Amino acid sequence: MTILYAQLADQIEQLINDGVYQEGERLPGVRVLSRQFGVSISTVLQAHQTLESRGYLEARERSGYFARLPRKDTPVPTMQKPRVRPAPVTARDMALDLCSVELKQMVAFGPAVPHADFLPLRQIQQATIWAARQGMATLDYAFPGKEVFRRQIAQRMTSLGVVTTPEDIVATNGAQEAIILALRAVTQPGDIVAVESPSFPGILQALEVVGLRALEIPTHPLEGLSLEGLELALAQWPIKACVVVPNHSNPLGVRMPDDKKKRLVTLLDDAGVVLIEDDIYGDLPHEGERPRPAKSFDSSGNVIYCSSFSKTISPGLRLGWIVPGKYFNEVSQQKYFSNLATASIPQLAVAHFLEQGGYDRYLRTARQRYREATERMRAAIGREFPEGTAVSRPMGGFVVWVQLPDRVSGTRVFHRAREVGINVAPGRMFSTTNKYEDYVRINCANPWSERIDKAIRQLGILVSEEQEVQGATSDSPDGVNHDMAAAGS
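In this text, all values refer to a predicted model and were calculated from it rather than measured experimentally. Throughout, residues of each chain are indexed from 1 in the direction in which the sequence is written. Where local features are concerned, this predicted model is filtered to residues with pLDDT of at least 70; where side-chain atom pairs are given and counted, the filter is 80 or more; whole-chain, interface and lining totals use all residues. As a rule here, side-chain values come from all non-hydrogen atoms in the structure, and water together with hydrogens is ignored.

To continue, consider the overall build of the protein. Within the protein, the secondary structure is distributed over 16 helices and 17 strands. The size measure is the radius of gyration over C-alpha atoms, and the globule rule it meets is 2.2 Å times the number of residues to the 0.38 power. Computed over the C-alpha atoms, the radius of gyration of the protein is 24 Å, within 12% of the 23 Å expected from 2.2 N^0.38 for a compact globule of 489 residues. Along the first, second and third principal axes, the C-alpha set of the protein runs to 65 × 65 × 40 Å. Of all 489 residues assigned to the protein, the portion counted as buried reaches 56%. Surface accessibility in these figures is a Shrake-Rupley result with a 1.4 Å probe; residues are shielded only by whichever protein chains are displayed. Summing over all exposed atoms, the protein offers an accessible surface of approximately 21,000 Å²; the carbon and sulfur share of this is 50%. Within the protein, one finds 54 positive and 55 negative side-chain charges whose respective centroids are separated by 4 Å. Strands here are runs of E lasting at least two residues and helices are runs of H or I lasting at least four, both read from the DSSP assignment and numbered beginning at the N terminus. Only protein chains enter the accessibility calculation, which uses a 1.4 Å probe. A residue is then buried if its area is under 20% of the maximum for its type, exposed if over 50%, and partly exposed in between. For the charge count, each Lys or Arg is scored as positive and each Asp or Glu as negative, with His and the chain ends excluded. To locate a charge, take NZ of a lysine, CZ of an arginine, CG of an aspartate or CD of a glutamate.

So, about the sheet that holds strand 16 (residues 425-426). Two strands pair if DSSP finds at least two bridges between them. Taking strand neighbours across the sheet as the criterion, the four strands line up as 13-14-17-16 in an open arrangement whose pairing is antiparallel. A single partner strand is all that each edge strand has here, and the edge strands are strand 13 (390-391) and strand 16. Pairing analysis gives five bridges linking strand 14 (residues 399-403) to strand 17 (residues 439-443), with the strands arranged antiparallel. Paired with Val 402 across the strands is Val 440, a residue of strand 17. Strands strand 13, strand 14 and strand 17 of the sheet are contacted by helix 13 (residues 358-384), whose axis makes an angle of about 20 degrees with strand 14. Residues count as neighbours in contact if any of their non-hydrogen atoms are within 4.5 Å of one another. For helices, the fitted axis covers only the stretch in contact; all axes are lines through C-alpha atoms, and the angles between them, taken along N-to-C directions, range from 0 to 180 degrees.

So, about the pattern of salt bridges. Put simply, a salt bridge is a Lys or Arg side-chain nitrogen that is within 4 Å of an Asp or Glu carboxyl oxygen. Counted by the stated rule, this structure contains 18 salt bridges. With a shortest N-O distance of 3.7 Å, Arg 407 and Asp 438 are connected by a salt bridge. One end of the pair, Arg 407, is in the loop between strand 14 and helix 14 (410-419); the other, Asp 438, is in the loop between strand 16 and strand 17, with 31 residues separating them in the sequence. The exposure class of Asp 438 is buried, given its relative accessible area of 5%. In this structure, the salt-bridge partner of Glu 465 is Arg 416, at a minimum N-O distance of 2.6 Å. Separated by 49 residues along the polypeptide, Glu 465 in helix 15 (residues 450-474) and Arg 416 in helix 14 bring together distant segments of the chain. Residues participating in the shared-partner salt-bridge network are Arg 383, Glu 450, Asp 453 and Arg 457.

With that settled, consider the packing of aromatic side chains. Aromatic pairs are defined between Phe, Tyr and Trp rings, using the six-membered ring for Trp, whenever the two ring centres lie within 6.5 Å; interplanar angles under 30 degrees are classed as stacked, those over 60 as edge-to-face, and all others as tilted. What the rule picks out here adds up to 13 aromatic pairs. Plain terms: the ring middles of Phe 118 and Tyr 370 are 5.2 Å apart, the flat faces sit at 20 degrees to each other, and that makes the pair stacked. With a gap of 252 residues between them, Phe 118 in the loop between strand 4 (107-108) and helix 5 (121-132) and Tyr 370 in helix 13 connect regions that are remote in the sequence. Given a relative accessible area of 1%, Tyr 370 falls into the buried group. An angle of 85 degrees between the planes, with centres 5.3 Å apart, marks the rings of Tyr 436 and Tyr 439 as edge-to-face. Of the aromatic side chains, those joined through ring pairs into one cluster are Phe 309, Trp 321, Phe 353, Tyr 359 and Tyr 362. We note Arg 292 situated over the ring of Phe 297; from NZ or CZ to the ring centre the distance is 4.2 Å. A ring is considered to have a charge above it if a Lys NZ or an Arg CZ atom is located within 6 Å of its centre and within 35 degrees of its normal.

Further remarks concern empty space enclosed by the protein. Both site types are read off a 1 Å grid over the protein atoms alone. A 1.4 Å probe that fits but cannot get out defines a cavity, while an open set with protein on both sides within 12 Å along at least five of seven lines defines a pocket; lining residues have an atom within 4 Å of a point. Grid points are joined across faces, edges and corners, and a volume is the space filled by probe spheres set on the points. A full pass over the atoms with the stated rule returns four cavities of 30 Å³ or more. Approximately 50 Å³ is the volume attributed to the largest cavity. Each residue gets one label: Ala, Val, Leu, Ile, Met, Phe, Trp, Tyr, Cys and Pro are nonpolar, Asp, Glu, Lys and Arg are charged, and the others, such as Gly, are polar. Its residues assigned to classes, the lining of the largest cavity comprises four nonpolar, one polar and two charged.

Note the cis peptide between Phe 143 and Pro 144, where omega equals 5 degrees. Along the chain, Pro 144 falls in the loop between helix 5 and helix 6 (147-159). Each neighbour pair has its own omega, and for Asn 250 with Pro 251 the value is 20 degrees, a cis peptide bond. A positive phi is found at Arg 318, a non-glycine position, where the angle reads about 50 degrees. Here Arg 407, not a glycine, exhibits a phi torsion of approximately 55 degrees, which is positive. What makes Arg 407 exposed here is its relative accessible area of 60%.

Right, dumping it as structure tokens:
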């Protein structure tokens, strides 16, 4: 059944499309619409928020809501075919540069970190205060993790089709550590690891830390990792592991269909290659049920499952977990030798939050907010960026992958945007071979405001200016892009 505010939003959208409300025209006030449609004021306000996210309304401070016609939906980025050859990973410098800026003074479109308004701060503060009062339970080394935390995780994993006991789980300092532990457990320096392309920079950094080579596999913007491309790579190269984000990958936000997850698990199991699954965005679908992990199709223990609460509860808690399957002993040894244990208080706090049902209540609201924020950002990019721009259509999470028109340099946009107080993630961070120079990733998890709206307009202007420069230099007599040559010198 369609929710009442969504029905109202559909009706008002149709009125705008039919020209009853012209673009730029102020809509009647909230109370007038409430009486006109026979609904509550809160329903009208929710409908307005939905229409804002679709790009059909613009809120102006102290003026009301104004009709807006969004540009026709932008296309999705094309699937790239990276060079299928292992490459050493050198992702560290640009990632550190991206995080070193003073984010409080900039519009934070760069890091994939949700704004505090999207997180359950009050609830987790209360849970942390409760945890800090648990006496000696807060002071011991909790290896391989607090039993109460691992029990809550086991219950959640089992509900997703991964039959798990607390003894199967190791608590980690976020998903990043979980991935590093998994890689160290099943590879040696110099080994080849298959990754999605584009790939989350954190995964590339993990490969660099362990001293591995990345083999990039093409990824479809709507269906995920190309199994055909992976199969060809397995026949050609001695791959030791494959790191995949099947649910709402970063930066594309794509969700691999269940039949492809099952084929992926079988393909790698038959080849004797370990699948390392990063499911950090699995709890944030935009619509429908929480998707199954690839681990739910694993019958041999060949899938190592990694996740954390960094994108849903708090990035600062640094709390994740790993289900190592048949590699439990190897992963446990790596964890013990690297830092012995994960802090006790965050584990107790999150376990309490889960046990009291607060997490599930929070997710019901959070999923809708992330969907609306992502739709609003896609609509804004469609309005403000020049023709030829392509934007991903995430099925979950809160980032969009933007392909710039006419091979405009995402790196130049990154540097120019920082000069005006805007932080974006340049596409070259998402590959070992600079494959995505004409891309940027944008974080959508910021409360919409005039500042955010202005920043998107500024970015659109920058991209248009770079497009003009690109066109002018490509038309020069010698065919050399002098501006880019100078920038690289």
